[in-house]
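A closer look at the structure
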Amino acid sequence: MNTSGHAADDVRAPGLRLSPFRGLRYVPERVGSLAAVTSPPYDVVVRPDGLLHLESADPHNIVRLILPQAITAGTRHRKAAVTLDRWLADGILAPDPEPALYVYEQRGDGLLQRGLIGALELSDPADGIVLPHEDVMPHVVADRAALMRSTAANLDPLLLTYRGEGDGAGAVVDRVAEREPLLSTTTEDGFRHSLWAVTNPADLTAIATELSRHQALIADGHHRWATYLRLRDEHGAAGDPWSRGLVLLVDTARYPLRVRAIHRLLQRLPVAEALAVLGDGFRVTRIDGPLSAAQEALAAATAEGNAFVLAGDGAFHLLDRPDPELLARTIRTDRPEAWRTLDATVLHATLLEHVWHIPDDPEDISYIHDAAAAVAQAERRGGTAVLMHPVKEEVVRDLARQGVTMPRKSTSFGPKPATGLVLRSLALD
């Protein structure tokens, strides 16, 4: 029995099983630079500007695989598969000589994060091993599944967290990180990324022993995890390469993540209209200051209760102190109190569904990680940016352990792993 005080003891056997794999990596001599071929996760790339910037950074930027461009979905996915095959044939990408787990380190902005990249055995939420905490959008899962079928590859690792015990896996990670890395590069955001291979049998055993006692929380990658499960079920064979998926596991007892909000862009709702239909449901306070002043006001208001900032008309509007009767009428009561009082719950159940009558469709709502980008797009399109305040990690984890999912895109854990440092080809497993 683990006596560390972490709730990971609740996990059902066999716990986390992280397998070595032969990583596909860029051959440094065949690309301009490793930094130039990396990308943020596919759903963080702000399209189209961010996409074009990455495509022009290097002709072999990984974005050509994770976000291939063509007129139809089927053509996009085939294009990615053809591109991957060509890069392998041309020696742009090459497999490592032997299976390994990979220690991955990020340094920047006053933060040090380390974790393990490997092929994790897939499990259903009911197994209590890997815990999702957000709902997913079916059309995104369908798109990611089609891309993975075409490429037969895991192109980017999910970000998962667990609460370690201090020795075992964590000790191996820190010891390995003292060696010369396989690769090291600094991306334009100032973060330095380094990668090491772990192949020593004793180290792999120490990692496996500890991870078998733990459960993990999906911090980033719910849609890709749902995609992994769909493809596993299609193939149906235990031990098949499709029964595992590429992940980065971070021990947040050792290396805490940052939790940020994901903002909403209501593309067809002008700010004036959004405010006009509020009635007495929320208190509205106009803030004329810069974005930072609006974010400070939002942080202060969320300490007292639910609050949001609307932007898009050149000003900021703080919404707080919702009418308790309005919340009682619009929020379901068959969920825990921690779920009913989430800002994301109030936004989706009360404002989007009841007050503004906005469907949760891509044509109506975009999800944007950067507040300034959300405001800029709202102003350019005549829509409304809804700025959110982040949820604490312990709230997310507690709800996940209860089997309660939050509204989709409720949190943004980071820093997220760079895409393109190591890929997994299912043909090599």
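What counts as what
Residues numbered from 1 in each chain as written. Predicted model: local features only at pLDDT ≥ 70, side-chain atom pairs only at ≥ 80, totals over all residues. Heavy atoms only, no water. Helix = DSSP H or I, 4+ residues; strand = E, 2+ residues; numbered from the N terminus. Rg over C-alpha atoms; globule rule 2.2 N^0.38 Å. Buried < 20%, exposed > 50% of the residue type's maximum accessible area, 1.4 Å probe, protein only. Contact = heavy atoms within 4.5 Å. Areas by Shrake-Rupley, 256 points an atom, 1.4 Å probe, with all protein chains shown as cover. Lys, Arg positive; Asp, Glu negative; His and termini not counted. Charge placed at Lys NZ, Arg CZ, Asp CG, Glu CD. Salt bridge = Lys/Arg side-chain N within 4 Å of Asp/Glu carboxyl O. Pairing = 2+ DSSP bridges. Axes fitted to C-alpha atoms, helices over the stretch in contact; angles between N-to-C directions. Parallel < 35°, antiparallel > 145°, perpendicular 65-115°, else oblique. Left-handed = near helix turned anticlockwise from the far one by under 90°. Polar contact = N/O pair within 3.5 Å; in protein donor to acceptor, adjacent residues only side chain to side chain.

**Remarks on the overall build of the chain**
Broken down by element type, the chain carries 15 helices and 21 strands. Here the C-alpha atoms of the chain give a radius of gyration of 22 Å, agreeing with the 22 Å that 2.2 N^0.38 yields for 429 residues. Referenced to the eigenvectors of the C-alpha coordinate spread, the extents of the chain come out at roughly 65 × 50 × 40 Å. Among the 429 residues that make up the chain, the fraction classed as buried is 55%. Sequence-distant contacts, at least 24 apart, represent 80% of the contacts inside the chain between residues at least 6 apart. Counting every atom, the chain has about 17,800 Å² of accessible surface; 51% of that belongs to carbon and sulfur. The positive charge centre, built from 45 side chains, and the negative charge centre, built from 57, are 3 Å apart in the chain.

**Quick word on unusual backbone geometry**
For the bond from G414 to P415, the omega torsion is 5°, close enough to zero to count as cis. In this structure, P415 sits in the loop between β20 (412-414) and β21 (423-425). The backbone of D109 shows a phi angle near 55°, a positive value even though the residue is not glycine. With relative accessibility at 56%, the residue D109 sits in the exposed group. Its identity as a non-glycine residue notwithstanding, R321 has a phi of 50°, on the positive side. Here R321 is to be found in the loop between β17 (316-320) and α11 (324-330). Since its relative accessible area comes to 61%, R321 is described here as exposed.

**As for the pattern of salt bridges**
Tallied over the full model, the rule gives 24 salt bridges. Between D143 and R76 there is a salt bridge, with its nearest N and O atoms 3.8 Å apart. Placement of the pair is D143 in helix α5 (residues 138-151) and R76 in helix α4 (residues 73-89), with a sequence separation of 67 residues. You can call R76 partly exposed: its relative accessible area is 23%. A salt bridge links D143 to R144; the shortest N-O distance between them is 3.2 Å. One network of salt bridges, in which partners are shared, links E105, R107, R114, D174 and R254.

**Details of the sheet that holds β21**
One open sheet holds the four strands; their spatial order is β3-β2-β21-β7, and the pairing between them is antiparallel. Unpaired on one side and paired on the other, β3 (93-95) and β7 (153-154) mark the two borders of the sheet. As paired strands, strand β2 (residues 23-26) and β3 are joined by three bridges and run antiparallel to one another. Residue pairing for β3: R25 is matched across the bridge by A94. Across the face of the sheet, α4 comes into contact with β2, β3 and β7 while running at roughly 75° to β3.

**What about the packing of α5 against helix α8 (residues 222-235)?**
Contact geometry of α5 with α8 gives a least axis separation of 9 Å together with a crossing angle of 60°. The pairing of α5 with α8 is recorded here as oblique in orientation. Here α5 runs over α8; the crossing is right-handed. For the pair formed by α5 and α8, the contact residues are V140, V141, A142, R144, A145, M148 and R149 on the first element and H223, R224, A226, T227, Y228, R230, L231 and E234 on the second.

**A short note on the sheet that holds strand β18 (residues 365-368)**
Strand order in this open sheet of six strands is β15-β17-β16-β19-β14-β18, and the pairing throughout is antiparallel. The sheet is open, and its two borders are formed by β15 (283-287) and β18, each paired with just one other strand. If you compare each strand with its neighbour and ignore which way they point, the axes differ by 25° on average. Alignment of strand β14 (residues 263-266) against β18, held across four bridges, turns out to be antiparallel.

**Comments concerning the side chain of R424**
You can see R424 is positioned in strand β21. A distance of 2.7 Å separates the side chain of R424 from the side chain of N154, its partner in a polar contact. From its side chain, R424 meets the backbone oxygen of R244 in a polar contact 3.1 Å long. Excluding its chain neighbours within four sequence positions, the residues that come into contact with R424 are F21, A119, A153, N154, P241, R244, G245, L246 and D429.

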